Amino acid sequence: AQSVTQPDIHITVSEGASLELRCNYSYGATPYLFWYVQSPGQGLQLLLKYFSGDTLVQGIKGFEAEFKRSQSSFNLRKPSVHWSDAAEYFCAVRLTGNQFYFGTGTSLTVIP
Amino acid sequence: DAGITQSPRHKVTETGTPVTLRCHQTENHRYMYWYRQDPGHGLRLIHYSYGVKDTDKGEVSDGYSVSRSKTEDFLLTLESATSSQTSVYFCATLEGFQETQYFGPGTRLLVL
């Protein structure tokens, strides 16, 4: 069965520190992978996506993610976190038939 | 911003009453989706539509029905609301060329 796992429910980092949010997927074919961010009370906003090609993809707000087929992972990274990055982050995979499957999310707290 | 609006934004209802949530888009996107978001579960697909009058079930479709009579509108109906349907409901559309989902602001539903 297809699935997306975000093993970290909650992460706390200091402002200015680096960040890595983990995402593992289980899918038979080459996946289309996405990271979304959700600020409190808001809808989801796309940060970045991977379809094919270069396995390191750049997104908005200084985020990047690396696709590693051997590890079935698509981890999100940011070199220096800002207080405004505090939010919930979701990894997602697009299945056949244009259905999307989301992970359970990682809540990020940024401390001054 | 893909011009997605949801109405109502907030609703309180009683168990056993019917409820209809509306999603409206202005981008002429073919695919539309209804998700529910619950703590610890992330986003789960309820139903989706791949064209006018063309819909299919997602992973949590029991107790929900949908209709799409126009490209721009996708309705989600709870025929007889239950407390387990208390949730935040998100509508999304799929922009075909960029293969990207865009999300509405959400509807917060409380079933008493």
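This text follows the structure it describes.
Residues numbered from 1 in each chain as written. Chains lettered and ligands numbered in written order. Predicted model: local features only at pLDDT ≥ 70, side-chain atom pairs only at ≥ 80, totals over all residues. Heavy atoms only, no water.

Caption draft 1: Quick look at the layout of surface pockets. Within this model, the largest pocket holds a volume of roughly 450 Å³. Lining of the largest pocket is provided by 25 residues; of these, Gln38(A), Glu88(A), Phe90(A), Gln37(B) and Val88(B) occupy positions nearest its centre. Elements represented by at least two residues in the lining of the largest pocket include exactly strand E10 (87-94) of chain A together with strand E4 (31-38), strand E9 (87-95) and strand E11 (107-111) of chain B. Per element, the largest residue contribution to the lining of the largest pocket is three residues, and it comes from E10(A). (1 Å grid on protein atoms, 1.4 Å probe; cavity = no way out; pocket = protein on both sides within 12 Å on 5 of 7 lines; lining within 4 Å. Points joined across faces, edges and corners; volume = space filled by probe spheres on them. Helix = DSSP H or I, 4+ residues; strand = E, 2+ residues; numbered from the N terminus.)

Caption draft 2: Examining the interface of chain A and chain B more closely. Listed as interface residues are 21 residues of chain A and, on the opposing side, 22 residues of chain B. In terms of surface lost to chain B, no three residues of chain A exceed Asn98(A), Phe100(A) and Phe102(A), which account for 28% of the buried area on that side. At the junction of chain A and chain B, the tally comes to zero salt bridges. Applying the counting criterion to the chain A and chain B interface returns six residue pairs in polar contact (both at pLDDT 80 or more). Looking at the side of chain A that touches chain B, the elements that each hand over two or more residues are strand E5 (32-38), strand E6 (44-50), E10 and strand E11 (100-102) of chain A. A per-element tally of the side of chain A that touches chain B places E5(A) first, with four residues. (Contact = heavy atoms within 4.5 Å. Buried area = accessible area lost by both parts, 1.4 Å probe. Salt bridge = Lys/Arg side-chain N within 4 Å of Asp/Glu carboxyl O. Polar contact = N/O pair within 3.5 Å; in protein donor to acceptor, adjacent residues only side chain to side chain.)

Caption draft 3: A look at the side chain of Ser49(B). All names here are of chain B. Here Ser49 shows up in strand E5 (residues 42-51). By relative accessible area, Ser49 is classed as buried at 0%. One polar contact links Ser49 to Arg68, side chain to side chain, over a distance of 2.9 Å. Discounting chain neighbours no more than four positions away, the residues touching Ser49 are Arg30, Tyr31, Met32, Asp54, Thr55, Arg68 and Phe74. (Buried < 20%, exposed > 50% of the residue type's maximum accessible area, 1.4 Å probe, protein only.)

Caption draft 4: Structural context of the state of the cysteines. Scanning the model with the defined rule gives two disulfides over all chains in all. One disulfide bridge connects Cys23(A) with Cys91(A), the sulfur atoms lying 1.9 Å from each other. An S-S torsion of about -65 degrees defines the bridge between Cys23(A) and Cys91(A) as left-handed. In this pair, Cys23(A) sits in the loop between strand E3 (19-21) and strand E4 (24-26) while Cys91(A) sits in strand E10, placing the two residues 68 residues apart along the sequence. Exposure remark for Cys23(A): the relative accessible area of 0% places this residue in the buried category. Exposure remark for Cys91(A): the relative accessible area of 0% places this residue in the buried category. Paired by a disulfide, Cys23(B) and Cys91(B) hold their sulfur atoms 1.8 Å apart. (Disulfide = S-S within 2.5 Å.)

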